[in-house]
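Structural characterization, general
One letter stands for each residue in the lines below.
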There are 2 protein chains.
Amino acid sequence: MGLVVQKYGGSSVADAEGIKRVAKRIVDTKKDGHQVVVVVSAMGDTTDELIDLAEQVSPMPAGREFDMLLTAGERISMALLAMAIKNLGHEAQSFTGSQAGVITDSVHNKARIIDVTPGRIRTALDEGNIAIVAGFQGVSQDKKDITTLGRGGSDTTAVALAAALDAEVCEIYTDVDGVFTADPRVVKKAKKIDWISFEDMLELAASGSKVLLHRCVEYARRYNIPIHVRSSFSGLQGTWVSNEPQGDRKVEQAIISGVAHDTSEAKITVVGVPDKPGEAAAIFRAVADAEINIDMIVQNVSAASTGLTDISFTLPKAEGRKAIDELEKAKGAIGFDSLRYDDQIGKISLVGAGMKTNPGVTADFFKALSDAGVNIELISTSEIRISVVTRADDVNEAVRAVHTAFGLDSDSDEAVVYGGTGR
Amino acid sequence: MGLVVQKYGGSSVADAEGIKRVAKRIVDTKKDGHQVVVVVSAMGDTTDELIDLAEQVSPMPAGREFDMLLTAGERISMALLAMAIKNLGHEAQSFTGSQAGVITDSVHNKARIIDVTPGRIRTALDEGNIAIVAGFQGVSQDKKDITTLGRGGSDTTAVALAAALDAEVCEIYTDVDGVFTADPRVVKKAKKIDWISFEDMLELAASGSKVLLHRCVEYARRYNIPIHVRSSFSGLQGTWVSNEPQGDRKVEQAIISGVAHDTSEAKITVVGVPDKPGEAAAIFRAVADAEINIDMIVQNVSAASTGLTDISFTLPKAEGRKAIDELEKAKGAIGFDSLRYDDQIGKISLVGAGMKTNPGVTADFFKALSDAGVNIELISTSEIRISVVTRADDVNEAVRAVHTAFGLDSDSDEAVVYGGTGR
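Throughout this document, residue positions are counted from 1 along each chain, in the order its sequence is written. All chains are assigned letters beginning at A, and all ligands numbers beginning at 1, according to the order in which they are written. Under the rules for a predicted model, residues below a pLDDT of 70 receive no local features and side-chain atom pairs below 80 are neither given nor counted, while totals for whole chains, interfaces and linings still include all residues. Note that the side-chain values use all heavy atoms of the structure and ignore hydrogens as well as water.

As recorded in an unreviewed UniProt entry, chain A goes by Aspartokinase and comes from Streptomyces vietnamensis. Reading the Function (unreviewed entry) entry of the UniProt record for chain A gives the comment "Catalyzes the phosphorylation of the beta-carboxyl group of aspartic acid with ATP to yield 4-phospho-L-aspartate, which is involved in the branched biosynthetic pathway leading to the biosynthesis of amino acids lysine, threonine, isoleucine and methionine." UniProt positions are given in the numbering used here, feature names are shortened, and annotations may be inferred rather than shown by experiment.

Written out as structure tokens, the structure reads:
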């Protein structure tokens, strides 16, 4: 009967009805004897509407002001949620990120949490309140400016608060029933995962699974905060993410946790790079200086006759233009022939700690792809993951083939049930 | 070329176009060599929309959470305005009421400013920024909770900041050209007032003139901050409110500043009150304990035969129900016969410092009303104001008659020109 942190996404509080439904769920948790801290996102499309307004007044909104603008969204949802809870006869107080002690660095629009000092939250709880906290936002340590944490930031707020308050669990409420063995929109027979280790969840998140963001899982692992991903509509048990299965739940760790895919990346190939020390470093320095995150890197075997090689890497499509520009600028200094840009690629990843002890996994993975007629362009591996890049058009078929080949398909013929009655 | 505080109301920043127009005006002021602090209200109908949302989740929203909700409105408008200014090539930073150092008491929804500590604003100005401040909001001194200042609170924010920063002038931008000798919607020949003293403006505001709120004018008088009320659409000189006419402007103080009217009040008559010491005190203590503001009070001459008298007073209609309830509760203790409630009344007030030295004003006022066939129910006077209560239906006719009788009608036949192209 300890402290529970619950996070509700924008789709769960999209309108007054949603807010009232969520309020009832929160009150039920409180009635069970828990102290409850709730992290809430902006209502439904609020954030998109605010972004649209910003674009109408300025083509390049300043980061500081953009954050000031966006944080209005959670301010609205959290105040309404607190009102709805009080209307059910329970005490509630809402807190901005700043009031909740979410201290960040000064990188507007994608700030990182560097400390959490939840003194006011602790006081509110001790006085019998349910504490409602604005997700996605904080205050910068040096300038005391309002910051936002970037996409999925509310999940990170929830986990960070759970860690600072030593919570029993951080419940992430969403509009699906949990984490699945593959994206249920692609694989009808995908199964809900009852429990998954932090490590496997990190790899799935890094490989394109959208349910939890990498940063949030990383934070939870560092402070050993169990995450329970579940539907705000159904009330069913969802997916537990933790070091070990919870309590007396007997959950055997699967050899393979799931198949993730990602079509948000593009591939850049740097053609005709002199094959000598320092060339790759120069290329990736140019890209890194522009704060572009690259994912996979492959260097071809050098052609002995020319002494030239090609280097390919993948990166978010959104950063493709910038990377090309930066590389063109550095072309003289680096000395390559040309650049090729390809945004019609997709990535399929197989994740599971069981790979470490099952050497046949890689072979089975390639065979499944080959049987499905999928051509492989790049390969990268970690201890518990293997990823390939294919044509974007082949991705869905590849995911389904791999899912079946590794015995992940659900026995049921039914499509996965979403808890939602809408978004 | 000192510091100017400008306040823009919700109608001036109702949409992206409005925000861009206001941004341009602000930049022009900055280019003239001024330091500029801007106080901004929420966009157009934002506040009403937020109130509507609150009512959907709770019939009686908690004050603290209601303030948290409403303050999202200025957060949006101020961030967008700062972006729009930066887009014109000037530096701007937005600040919440709390960040701007607007310290209030803890009375949610109608907090009073008790201190202004604008250290961050001063720093932003010294660094060459235009400072944009959220109107209407502050932070409570004891609990550090977000508060709002109630209706017209943004004007008060502007004047309070102007005082704390020792500004040259506080410009209040609105959708009319200034303060008029009467409400132009009622009196077509109403004239814009070029200059009016704090004292007369206070009386007009207290008597129903909506352009500036009483609290704001009071604050400006206390700190001797000249207010310039003007249109954000036209760019014309508006109305100066100050101790003395500005600079070398030769403006003669009129005998009569204007005619105000108010149909927002109701009248309660307490019938059959024993005419003995302490009775009136008991009645008004009951009402005051419920934090109801009463306006005019009239006690009838006691009828010698019964030893009973009637006491009438006016109060905001919105508080009528509460006052009746409180008085009914105290009926036994006070000892009166019955209560009469009348919300079909109106009040007409004639305001002007010239009254002090022109004893004929009162007689002329009553004659004008009598000639117009308007019956008078209650009378109250101050040194520079005389007010009467009439039937609500007679108010417009009474205002026009008095306006004409005191020679306030404009020579022009044209209706007053509003600067706005819409709200």
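We now examine the packing of helix α4 (residues 72–87) of chain A against helix α2 (residues 46–57) of chain B. To define axes, lines are fitted to C-alpha atoms, for helices over the stretch in contact only, and angles between the resulting N-to-C directions are given on a 0 to 180 degree scale. Each helix corresponds to a stretch of at least 4 residues labelled H or I by DSSP, and each strand to a stretch of at least 2 residues labelled E; elements are numbered beginning at the N terminus. Two numbers describe how α4(A) lies on α2(B): the axes approach to 9 Å, and their chain directions differ by 30 degrees. For the element pair α4(A) / α2(B), the angle class is roughly parallel. Once α4(A) is placed against α2(B), the crossing between them reads as right-handed. Together, A:I76, A:L80, A:M83, A:A84 and A:N87 of α4(A) and B:L50, B:L53, B:A54 and B:V57 of α2(B) make up the contact between the two elements. Class assignment of the residues belonging to the contact of α4(A) with α2(B) gives a composition of 8 nonpolar, 1 polar and no charged. Oblique is the label for every angle not falling under 35 degrees (roughly parallel), over 145 degrees (roughly antiparallel), or within 65 to 115 degrees (roughly perpendicular). Whether a crossing is left-handed or right-handed is set by the direction in which the near helix is turned from the far one by less than a right angle, anticlockwise for left-handed and clockwise for right-handed. The contact criterion used throughout is that any non-hydrogen atoms of two residues lie within 4.5 Å. Asp, Glu, Lys and Arg are counted as charged, while Ala, Val, Leu, Ile, Met, Phe, Trp, Tyr, Cys and Pro are counted as nonpolar; the rest, among them Gly, fall into the polar class.

To continue, consider unusual backbone geometry. Residue and element names in this part refer to chain A. One non-glycine residue with positive phi stands out, namely N109, at about 75 degrees. Here N109 is to be found in the loop between β4 (102–104) and β5 (113–116). Despite not being glycine, E291 shows a phi value in the positive range, around 55 degrees.

This paragraph deals with the pairing of strand β6 (residues 130–134) of chain B. Residues and elements named next belong to chain B. Buried, partly exposed and exposed residues are distinguished by accessible area as a fraction of the type maximum, computed with a 1.4 Å probe on protein chains only: under 20%, between the cut-offs, and over 50%, respectively. The buried fraction of β6 amounts to 5 of the 5 residues, a majority that puts the element mostly inside the structure. Of the two faces of β6, the one holding I130, I132 and A134 and the one holding A131 and V133 are both buried throughout. By definition, two strands form a pair when at least two bridges between them are found by DSSP. Bridge count for strand β2 (residues 35–40) against β6 is 4 bridges, and the pairing is parallel. Bridging across to β6, V40 finds its partner in A134. Note: strand β3 (residues 92–95) against β6, 4 bridges, orientation parallel. When the sheet's bridge partners are listed, A92 is paired in β6 with I130.

All names here are of chain B. If you walk across this open sheet you meet the 4 strands as β15-β16-β14-β17, and the pairing is antiparallel. Edge positions in the sheet fall to β15 (297–299) and β17 (338–342), since each has one partner strand and no second. Neighbour-to-neighbour, the strand axes of this sheet turn through a mean angle of 15 degrees, independent of strand direction. In this sheet, strand β16 (residues 308–316) lies alongside β15 in antiparallel orientation, the contact comprising 3 bridges. Its bridge partner lying in β16, V298 is registered against S312. Running at roughly 25 degrees to β16, helix α9 (residues 279–289) makes contact with β14 (265–274), β15 and β16 of the sheet.

This brings us to the sheet that holds strand β5 (residues 113–116) of chain B. Residues and elements named next belong to chain B. The mixed open sheet is built from 4 strands, whose spatial order is β5-β4-β7-β8. The sheet is open, and its two borders are formed by β5 and β8 (146–148), each paired with just one other strand. The sheet shows a mean angle of 45 degrees between the axes of neighbouring strands, direction not considered.

Turning our attention to the UniProt feature "binding site: substrate" (unreviewed entry) in chain A. Residues and elements named next belong to chain A. In this structure's numbering, the residues bearing the UniProt feature "binding site: substrate" (unreviewed entry) are T47 and E74. Across 28 residues, the annotated set stays spatially compact, with a maximum C-alpha separation of 9.0 Å. The topology assignment puts T47 in helix α2 (residues 46–57). Not counting residues up to four positions away in its chain, the partners in contact with T47 are A42 and L70. Among the secondary structure elements, E74 is positioned in helix α4. Once residues lying within four places of it in the same chain are set aside, the contact partners of E74 are V40, S41, A42, A134, G135, F136 and Q137.

Residue and element names in this part refer to chain A. Among the residues making up helix α9 (residues 279–289), those that are buried are E279, I283, F284, A286 and V287. Each buried residue of α9 lies within a common arc of 150 degrees when the element is viewed along its axis, so the set occupies one face. Projecting away from the buried face of α9 at angles above 90 degrees are the exposed residues A281, R285 and D289. Those residues of α9 hidden inside the fold are in contact with β14 (265–274), β15 (297–299), β16 (308–316), α10 (320–329) and α11 (331–334). E291 lies just past α9 and shows a positive phi near 55 degrees. The arc in question is traced by the directions running from the helix axis to the C-beta atoms.

Turning our attention to the packing of helix α7 (residues 198–206) of chain A against helix α8 (residues 214–223) of chain A. Helix-helix packing is described using two parameters, namely the angle between the two axes and the distance between the axes. Residues and elements named next belong to chain A. Close contact between α7 and α8 brings their axes to 9 Å; oriented N to C, the two are set at 165 degrees. The angle between α7 and α8 falls in the class roughly antiparallel. You can see that α7 and α8 cross each other, and the crossing is left-handed. Of the residues in α8, those touching α7 at F198, E199, M201, L202, A205 and A206 are H214, V217, E218, A220 and R221. The residue makeup of the contact of α7 with α8, split by class, is 7 nonpolar, 1 polar and 3 charged.

In this section: the side chain of A:S231. Residues and elements named next belong to chain A. Mapping S231 onto the fold places it in strand β11 (residues 227–231). You can call S231 buried: its relative accessible area is 1%. Polar contacts, as used here, are pairs of N or O atoms within 3.5 Å; protein pairs need one atom able to donate a hydrogen and one able to accept it. Residues neighboring in sequence count only if both atoms are side-chain atoms. Only 3.1 Å separates the side chain of S231 from the backbone nitrogen of S234, close enough to count as a polar contact.

Quick look at the relation of the copies chain A and chain B now. In this arrangement, two copies of a chain are superimposed by a rotation about an axis accompanied by a shift along the axis. Overlay of chain A on chain B (RMSD 0.1 Å): rotation 180 degrees, translation along the axis 0.0 Å. Seen this way, the second copy is the image of the first under a two-fold rotation axis. It is A:A72 whose C-alpha, among those of chain A, lies nearest the rotation axis, at 2.4 Å. Least-squares fitting of one copy onto the other uses the C-alpha atoms of those residues that reach a pLDDT of at least 70 in both copies.

It is worth spelling out a negative patch on the surface at this point. Residues and elements named next belong to chain A. Residues enter patches when they are more than 30% accessible in relative terms and free of salt bridges; like-charged ones are connected within 9 Å and nonpolar ones (Val, Leu, Ile, Met, Phe, Trp, Tyr) within 5 Å. Here the Shrake-Rupley method, with its probe set to 1.4 Å, supplies the accessible areas, and only the displayed protein chains count as covering residues. Salt bridges are identified by distance alone: a Lys or Arg side-chain nitrogen within 4 Å of an Asp or Glu carboxyl oxygen. Neither His nor the chain ends is counted toward charge; the positive residues are Lys and Arg and the negative residues Asp and Glu. The atoms used to mark charge sites are NZ of Lys, CZ of Arg, CG of Asp and CD of Glu. Together, D45, D48, E49, D52 and E55 make up a negatively charged patch on the protein surface. Here E55 lies in helix α2. On the basis of relative accessibility, which here comes to 51%, the residue E55 falls in the exposed class.

The next thing to look at is the nonpolar core. Here, the term nonpolar core denotes a set of buried Ala, Val, Leu, Ile, Met, Phe, Trp, Tyr and Cys residues that are joined through side-chain atoms within 4.5 Å. With 73 residues, the main nonpolar core has A:L80, A:L81 and B:L81 as its most contacted residues. Once residues within four sequence positions are removed from consideration, A:L81 is found in contact with A:I19, A:V22, A:A23, A:I26, A:V38, A:V40 and A:I132. If you look at the next biggest cluster of nonpolar residues, it comprises 44 residues, including A:L149, A:A160, A:L165 and A:I225.

Time to look at the interface of chain A and chain B. In this assembly, 41 residues from chain A lie in contact with 41 residues from chain B. Here the quantity called buried area is the total loss of accessible area, with a 1.4 Å probe, experienced by two parts when brought into contact, counted for both. For the pair chain A and chain B, the summed buried surface comes to about 3,300 Å²; carbon and sulfur atoms form 63% of the total. Applying the counting criterion to the chain A and chain B interface returns 2 salt bridges. For A:D145, the salt bridge is made with B:R120, and the minimal N-O distance between the two is 2.8 Å. Joining chain A to chain B, the criterion identifies 16 residue pairs in polar contact (both at pLDDT 80 or more). Elements supplying a minimum of two residues to the side of chain A that touches chain B: α1 (16–31), α2, α3 (63–70), α4 and β3 (92–95) of chain A. Top contributing element to the side of chain A that touches chain B by residue count: α4(A), with 11 residues. For the side of chain A that touches chain B, the per-class residue count stands at 24 nonpolar, 8 polar and 9 charged.

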